Each structure stands twice: as structure tokens, then as C-alpha cells.
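The primary structure of each chain is shown beneath.
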Amino acid sequence: MLASQHINSDNRHRMVGASRIPPQSGTAFLLQKGQILRVTDPMGEQVSDLFALDANNHASYLSSGRTIDYASKYLLSVGDTLYSNDSEEMLTIVSDTVKRHDFTLTPCSQRMFEKLYNWKGHHPSCFENLSNALGVHGVSPERIQSTFNIFMNVSFDEHGGVAVNCPLSKAGDFIELRAERDLLCGLTACSAEGSNNGTLKPIDFQIFSDELAALK
Ligand SMILES: [Zn+2]
């Protein structure tokens, strides 16, 4: 479990683990029911893609379509729950200093860079990084669907147009999500120049034992 690289032994804070995801990379970790995942943008204007599966049943995984349907909105923030493809509660947003995230687009991928930007040669991508990190836990790449794209600023206009804009997150901004089941999570520092105002930066994350611990 990569999140345990820097175990905090101070029980008063009950922080289970913390880690920094280097630019254009990703990681995977277990998040137990009731634990809080805090994802922080340490430098500002950096997107982080989150995917999650039931730790005990990989056929149950995060679903953009179910979540947007049940929330009746596509801009999700505090109090909103992210659902699985089989309509089970997976994660609930409990704190959010940015209030602008995307849950409509798929993670950036090699093919996306080729099709949208005519990219030649290998380009790091969230899809590749999630595939590699989750693959260690037996998750096949085709299982990875639309990610919850933390800090990603996507807008829709009255003509149906979709635009990817500069993230609104400033240095130190964060979101916290509570696990409603035991989850296997994949998390990235997004690799797409166009989603991150042209510069590729790290992402920090912490895991707390419960909501009260996260508040301290
Ligand atoms: Zn990405």
C-alpha cells in the first residue's frame, strides 16, 4: 500500500498515511469504509483523476452516469455521493475548498493525445498510470471508466459545446471524500498539459481514520 510510505504515528491526528504523487504519475491504495481521503493540490491548477472499485468485488466500480443521474447535477461538492455502476454508495464528499470538479470525461490517454493533439510518440497519461497502478491489484484496463476528475474545470455552453478550462484550485486547496465501502482507489497527478494550465505538477493525498481526525 503506497499510502503507508510515510506513516504518521501520532495517534492524536490518526492520519493513516500520506504521500505525494509525482507529476504525470499515479498510484493505487486501499481505503477502508469510514476513512477519509484528502486530495490536495500543493501548487495550484493541477488536476487529479480518481477511480475506485469495491475492494472485494471489482465488478462494482465508480460510475459517472449513475452518480449524475442520482444527484440530478453534474457539479458535485459537499454532501454529494459518488455511486457505483450497480447503484451502491462508494464515496461521499465531506469537504471541498474548490467546488469545481468534473465527472463527465474519461481519463487522458495515449489515444486521446494522438486524436486531439496529433501527438507523436509516447505521452504519459492518467489512463496508463491508473492501468499500471490498479493492474498490480488485478484490475484490467478495460474496467477503468470515467474518472472523478478532481479540480478539473469543464464547462458546457448553451449550444452543447464542451470546454476544458484552467483549474480553479490554488496552492493548498483540497477535497475530502469518505469511503462508504472498502475501496481500491487509483489516483493520479494528471498528465494532460491542456487540463493543467500548461504545467504538470504533483498531487498530495492523506488518509484519515475518520471525519473527526480529518478536522484536526
Ligand atoms: Zn489526465
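Look up a bit, the structure's there.
Scoring rules and cut-offs
Residues numbered from 1 in each chain as written. Predicted model: local features only at pLDDT ≥ 70, side-chain atom pairs only at ≥ 80, totals over all residues. Heavy atoms only, no water. Donors = N, O, S within 2.8 Å, 3.2 Å for Na, K, Ca; no water. Helix = DSSP H or I, 4+ residues; strand = E, 2+ residues; numbered from the N terminus. Buried < 20%, exposed > 50% of the residue type's maximum accessible area, 1.4 Å probe, protein only. Polar contact = N/O pair within 3.5 Å; in protein donor to acceptor, adjacent residues only side chain to side chain. Pairing = 2+ DSSP bridges. Axes fitted to C-alpha atoms, helices over the stretch in contact; angles between N-to-C directions.

J.: Would you take a moment to explain the coordination of the zinc ion for this structure?
T.: Geometry reference: four tetrahedral donors at a metal, ideal angle 109.5 degrees. Six octahedral donors, ideal angles 90 or 180 degrees. Taken together, the protein ligands of the zinc ion are Cys108 (SG), Cys126 (SG) and Cys190 (SG), with distances of 2.2 to 2.3 Å. In terms of primary sequence, the donors binding the zinc ion are separated according to C-x17-C-x63-C. Residue cysteine 108 is located in the loop between strand S7 (89-96) and helix H2 (110-117), and its partner cysteine 126 is located in helix H3 (residues 126-135); the two are separated by 18 residues in the primary sequence. Taking relative accessible area as the criterion, cysteine 126 reaches 0% and is therefore assigned buried.

J.: How should helix H1 (residues 64-71) be read in this particular structure?
T.: In an α-helix, one full turn covers 3.6 residues, which means residues spaced three or four apart are oriented alike. For H1, the side-chain oxygen to backbone nitrogen distance between the N-cap and arginine 66 is 3.1 Å, and the N-cap itself is serine 63. Two residues or fewer after H1 comes serine 72, characterised by a positive phi angle close to 55°.

J.: Looking at this structure, how should I read the sheet that holds S7?
T.: In sheet architecture, strand pairing relies on hydrogen bonds along the backbone and comes in two forms, parallel and antiparallel. On the basis of which strands lie adjacent, the open sheet formed by 6 strands has the order S1-S13-S3-S11-S7-S6 and antiparallel pairing. Lying at the two open borders of the sheet, with one neighbouring strand each, are strand S1 (15-21) and strand S6 (81-83). Averaged over all neighbouring strand pairs, the angle between strand axes comes to 20°, with direction disregarded. Bridge analysis of strand S3 (residues 36-41) against strand S11 (residues 173-179) gives 6 bridges, and the strand direction is antiparallel. The residue of S11 that forms the bridge with aspartate 41 is aspartate 173.

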